[in-house]
Amino acid sequence: MPDLTPGTLNKYDMPPSPRPRILIVDDEPMNVELLQAYLIADYEIIPAYCGSDALELILKQRPDLVLLDVMMPGLNGYQVCEQIKRSSETRFIPVVLVTALSSREDRLKGIESHADDFLTKPVDRLELKMRVMSLLRIKSLHDKVLFERDQAQNYLDIAGVMMLVLDSDQKVILVNKRATEILGCQEADILGSNWFDTFVPLSSRYEAKQHYFKTLDSDDESIIHYEGPLIANDGEEKIVSWYSKLIMDNCGCHVGVLSSGEDITQRRKVEENLQVRTVAVESSIDGMAILDENGRYVYLNGAYASIWGYDHVQELADRSWKDLYEESEVMRFKMDIVPELTRKGVWRGEAVGLKKNGSRFFQEISLTSLDKGCICVVRDTTNRKKSEKQLQQYARSLKYSNDLKDLFIDIMGHDLMNPAGIAKGFAGMLLQAETDTDKSRKLRIVDDNISRLINMIDSAAQFAKLEDTNDIEFRRMELGTILRDVADNFRMQLSEKNITMDIRLNDHYYARINPIVEGVFANYISNAIKYGPSNSSITLEIGDIGSEWRVNVRDYGDGIPDADKDIVFDRFKRLSHKKKGVKGTGLGLAIAKRIVDLHGGRAGVEDGPAGTGSVFWATFKKA
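Sequence positions are assigned chain by chain, starting from 1 and proceeding in written order. Selection of residues for local features in this predicted model requires a pLDDT of at least 70, selection of side-chain atom pairs for listing and counting requires 80 or more, and totals for whole chains, interfaces and linings are taken over all residues. Hydrogens are left out, water is left out, and the side-chain values use all remaining heavy atoms of the structure.

Colleague: Looking at this structure, I do not really get the sheet that holds strand β19 (residues 537-544). What am I missing?
Modeller: Sheet strands pair by backbone hydrogen bonding; their relative direction is either parallel or antiparallel. Here a strand pair is declared whenever DSSP counts at least two bridges between the two strands. In DSSP terms, a helix is any run of H or I states spanning at least four residues, a strand is any run of E spanning at least two, and both are numbered starting from the N terminus. Read across the sheet, five strands follow the order β17-β19-β20-β22-β21 without closing on themselves; strand pairing throughout is mixed. What marks the edges here is a single partner per strand, and that holds for β17 (500-504) and β21 (603-607). Averaged over all adjacent pairs, the angle separating strand axes in this sheet is 20°, with direction ignored. Taken together, the five bridges between β17 and β19 define a ladder with parallel strand orientation. Looking across to β19, one finds that Arg504 is bridged to Glu541. For this analysis, residues touch if any pair of their heavy atoms sits within 4.5 Å. Orientation is described by axes fitted as lines to C-alpha atoms, over the contacting stretch for helices, and by angles from 0 to 180 degrees between their N-to-C directions. Sheet strands touched by helix α17 (residues 518-531): β17, β19, β20 (548-554), β21 and β22 (614-621). Its angle to β22, the strand with the most contacts, is close to 175°.

What follows is the structure, given as structure tokens:
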């Protein structure tokens, strides 16, 4: 069966005919021949002998009128008529039912099938011609209306803006192609819908309706403007600029509103970005200006005027840049800077400007060429120049101080250590040879103090070198092995005080370290021996604390008061309760702390368990 749904027919498929086409449908060939004989002189006749053939011919021939017999086998006339009138593209073809049936029920059935007229068999020739002529005249007028409507729709569809008409109930009764593209909807989905409830966000609905009512209630032909958002089918919000006009009927009644809308979403974003950039330029601490081809200012921000010592931008408006420089600087611009700017399009460098009060100031300048003129960005660098000069002086002073420190380290390591070593050697010889008890005691004091002096010189030199070390090589080493080796070096001191060493290491402890970590463990163990009581013990252990190892050295001495815990690692500071007879320089723990710092670890001291003794600890990163 032929398909008469919308889109299957094309009015341009058939060549135009000089005479109207009439399709005569009857299962009796003689009836078709009779009607054809009545009409052939004025019309082009298309014969058909069943309902399915009729639908096929309508699809191909596009007749201007159909004379349709009711009683036919297969599809009867009522069914054919219903299919013709069901299609949006054929519904306006006039259909005349030709039937021998004349009862009231038969006519009601014909009306239900949407027939346009009826003829009763046998058909009167004059009545037939009058009915056909009348219906074709109506068809011609209707075709003209449709043509004009299509032309108007074409004009609307090629428009670059949205076009829509809202009736007095706020429903869409006309919409163009551009509107369907912006909304992402089919025309059928838009027509008949309430515009504001369907396409306007709730937050803007009241304002949009006010614009509509203002236009609908206007008494003149003025065009009313409004900007607001709408929601497309995909949920995207768009900003539209609307121009609306009242529509009135022939009686002057207000029947609707015609609106044209331009999608200004991108333009609004550009305007907002431009506004943000304008605010940024006005808020910038750098001076920004635009100069024309003659070197005169056409725009400058507040910072630009302020840099030059002016209170208002108007003071520099339409002035030349040459007014802001000395003659020698102007010549440098003309001879060197302007040619390079012309050649490369950009120039960046330094210059010396003249403030309003005549004082000079250093500036950084950035120039960018435009088609006519350039953009100029200026920054006052006077204070920076002063700071750079002070920094250079400080650097020279620091270098001199470092040179002095290096000299002092060399003196300590060589010039002081040599005579101290000689003095200790002769003191030892005299002590061995002396038999007088009083003289021996005094020589022993001299020898002890020389030893103390040597120890102080060695510790100070070691600490100074650590303060100056910027490049230490770290490698993967095993902490447990280093800790055992260092502890082994203290056998004699441990034996003298009858102190046992409890080493609790039962694993491998790899860390990224430098061999100088031995100094940390040596200082911790040495202090534990010095300040721990005889006949006690020292505990060494390494714990896992996540990404680090923690090395603990615990003694069972008197402990360290809380007041001293904060200063125990400070250089040259000794504990307030120094144990009598214990010698030291006060630098040992400071050296240990510095070594740990260089490794990126932490060092500290805390009370031992149950408040007995102290635990000196240090952390090192795992490898």
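Colleague: Whenever I open this one, the side chain of Glu548 confuses me. Can you help?
Modeller: Following the sequence through the fold, Glu548 ends up in strand β20. Two N or O atoms form a polar contact when they lie within 3.5 Å of each other; inside protein one atom must be a possible hydrogen donor and the other a possible acceptor, and for residues adjacent in sequence the pair counts only when both atoms belong to side chains. In this structure the side chain of Glu548 is engaged in a polar contact, spanning 3.5 Å, whose partner is the side chain of Thr619. If we ignore the near neighbours within four places in the chain, the residues touching Glu548 are Gly543, Gly600, Gly601, Arg602, Thr619, Phe620, Lys621 and Lys622.

Colleague: Explanation requested: unusual backbone geometry in the structure shown.
Modeller: What is expected of a backbone is that most residues other than glycine have negative phi and most peptide bonds are trans. With an omega dihedral of -10°, the bond running from Lys121 to Pro122 counts as a cis peptide bond. By secondary structure assignment, the location of Pro122 is in the loop between β5 (117-120) and α5 (125-157). Even without being a glycine, His114 presents a positive backbone phi close to 70°. Relative to the assigned elements, His114 resides in the loop between α4 (104-112) and β5. Here the phi dihedral of Asn535 falls at roughly 60°; this positive angle occurs in a residue that is not glycine. Secondary-structure assignment places Asn535 in the loop between α17 and β19. Classification of Asn535 as exposed rests on a relative accessible area of 60%. Three exposure classes are used, based on accessible area relative to the maximum for each residue type with a 1.4 Å probe and protein chains only: buried under 20%, partly exposed in between, and exposed over 50%.

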